[in-house]
Amino acid sequence: MFTGIVEELGEIVRLTRGADDSAVIAVKGPLVTSDAGHGDSIAVNGVCLTVIDNEAGVFTADVMGETLRRSSLGALAIGSQVNLERAAALNSRLGGHLVQGHVDGVARIIAREPADQWEVVRFSLPAELAKYVVEKGSITVDGVSLTVMEVTADSFAVGMIPATSKLTVLGSKAIGDPVNLEVDVIAKYVEKMLGSRNV
């Protein structure tokens, strides 16, 4: 479980494609690797990955073909910057919201509107996820916990403060770039419980 508060920007330093459409990635992240051990979870652009090796500030993780197909990790290359977050500890503050690191879909940036102290960023909204996205609700974009400002039938907008732009990959992404989305898991549980009721 994560909170959507990015701890550092990492960098892909090695990427090995497997014959079965899988991959092994090596990510440089001195902070998140400082106490990481084999089997620990680290979110990479919002995707929960398991550490298989950690040496000299670089951790290695296996990425299944399913993950590459259902997230934007398949578009990464050596040198790509990524958002990194270690799994939340039970004694830490919940600065963002409950994030599983399970990507629900991929969206694209469709507009960026700069203002004096912040920026409005609009993303496409996959039809199958639209029912889970509400104004003032939480959404995770590339592992970043954000508050939804506005929702339309096929898009949503968030307000991005300078710190978010500076400390996450969202600040450098351009119109058309893909991003990982994770909707609020509570909404999915509520939907399932209400759907199973005999009304």
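Located above this text is the structure these notes cover.
The structure reproduced in this document is the subject of the present report.

Basis of the calculations
- Counting from 1, residues in each chain are numbered in the order their sequence is written.
- Only residues with pLDDT of at least 70 are given local features in this predicted model, and only at 80 or more are side-chain atom pairs given and counted; all residues enter the totals for whole chains, interfaces and linings.
- Working from all heavy atoms in the structure, the side-chain values ignore hydrogens and water.
- Secondary structure elements follow DSSP: runs of H or I no shorter than four residues count as helices, runs of E no shorter than two count as strands, and numbering proceeds from the N terminus.
- C-alpha atoms define the radius of gyration in this analysis, and the globule rule sets the expected value at 2.2 Å times the number of residues to the power 0.38.
- The rule is simple: take the accessible area with a 1.4 Å probe, protein chains only, and divide by the maximum for that residue type; under 20% is buried, over 50% is exposed, in between is partly exposed.
- What makes two residues a contact is simply this: any of their non-hydrogen atoms within 4.5 Å.
- The rule is short: rings of Phe, Tyr and Trp, with Trp giving its six-membered ring, pair when the centres are within 6.5 Å, and they are stacked under 30 degrees, edge-to-face over 60, tilted in between.
- Two strands pair under a simple rule: DSSP has to find at least two bridges between them.
- Fitted lines through C-alpha atoms give the axes, limited to the stretch in contact for helices. The angle between two N-to-C directions lies from 0 to 180 degrees.
- Residues belong to one nonpolar core when they are buried, are Ala, Val, Leu, Ile, Met, Phe, Trp, Tyr or Cys, and are joined through side-chain atoms within 4.5 Å.
- Polar contacts, as counted here, are pairs of nitrogen or oxygen atoms within 3.5 Å of one another; within protein the pair requires one atom able to donate a hydrogen and one able to accept it, and residues that are adjacent in sequence qualify only if both atoms are side-chain atoms.
- Patch criteria: residues need more than 30% relative accessible area and no salt bridge. Like-charged residues are merged within 9 Å; nonpolar side chains of Val, Leu, Ile, Met, Phe, Trp and Tyr are merged within 5 Å.
- Only the protein chains shown count as cover for residues, with accessible areas throughout obtained via the Shrake-Rupley method and a probe of 1.4 Å.
- Salt-bridge detection follows one rule: a side-chain nitrogen of Lys or Arg within 4 Å of a carboxyl oxygen of Asp or Glu.

## Details of the overall build of the chain
A count of helices and strands for the chain gives three helices and 12 strands. On C-alpha atoms alone, the chain measures out to a radius of gyration of 17 Å, which is about the 16 Å that the 2.2 N^0.38 rule sets for 199 residues. Dimensions of the chain, computed from the C-alpha atoms along their principal axes, are close to 50 × 50 × 40 Å. In the chain, buried positions account for 44% of the 199 residues. Across the chain, contacts joining residues at least 24 apart in sequence account for 70% of those joining residues at least 6 apart.

## Topic: the packing of aromatic side chains
Enumeration over the complete set of coordinates arrives at one aromatic pair. A ring pair is formed by F123 and F156, whose centres lie 5.2 Å apart and whose planes are at 25 degrees; its orientation type is stacked. A residue pair is termed long-range when its members are at least 10 positions apart, and F123 in strand β8 (residues 119–124) and F156 in strand β11 (residues 155–160) qualify at 33 residues. We note that F123, like F156, is buried.

## Considerations on the sheet that holds strand β3 (residues 41–44)
The strand order around the closed barrel built from six strands is β1-β2-β5-β4-β3-β6, with neighbouring strands paired in antiparallel fashion. Neighbouring strand axes in the sheet, compared pairwise and without regard to direction, differ in orientation by 45 degrees on average. Across six bridges, strand β1 (residues 8–17) lies against strand β2 (residues 23–28) in antiparallel orientation. Each bridged residue has a counterpart across the sheet, and for R17 the counterpart in β2 is A23.

## Looking at the nonpolar core
Across soluble globular proteins, nonpolar side chains have a tendency to be buried as a group. F123, I139, V141, F156, V179 and L181 are the most contacted members of the largest nonpolar core, which totals 21 residues. Counting 20 residues, the second-largest nonpolar core is a separate cluster that includes V51, F59, L68 and L73.

## Describing the side chain of T3
Inspection of the secondary structure assignment puts T3 in the segment before β1. A distance of 3.4 Å separates a polar atom in the side chain of T3 from the backbone nitrogen of I5.

## Looking at a nonpolar patch on the surface
On the surface, a nonpolar cluster with roughly 800 Å² of combined accessible area is contributed by M1, L94, L98, I186, Y189, V190, M193 and L194. Looking at the secondary structure, you find I186 in helix α3 (residues 185–195). Note on I186: relative accessible area 47%, which makes it partly exposed.

## Section: the sheet that holds strand β7 (residues 105–114)
With antiparallel pairing, the six strands of this closed barrel are ordered in space as β7-β8-β11-β10-β9-β12. With strand direction ignored, the average angle separating the axes of adjacent strands in the sheet is 45 degrees. Examined bridge by bridge, β8 and β11 share six bridges and lie antiparallel to one another. Note on β11: the bridge partner recorded for R122 is A157.

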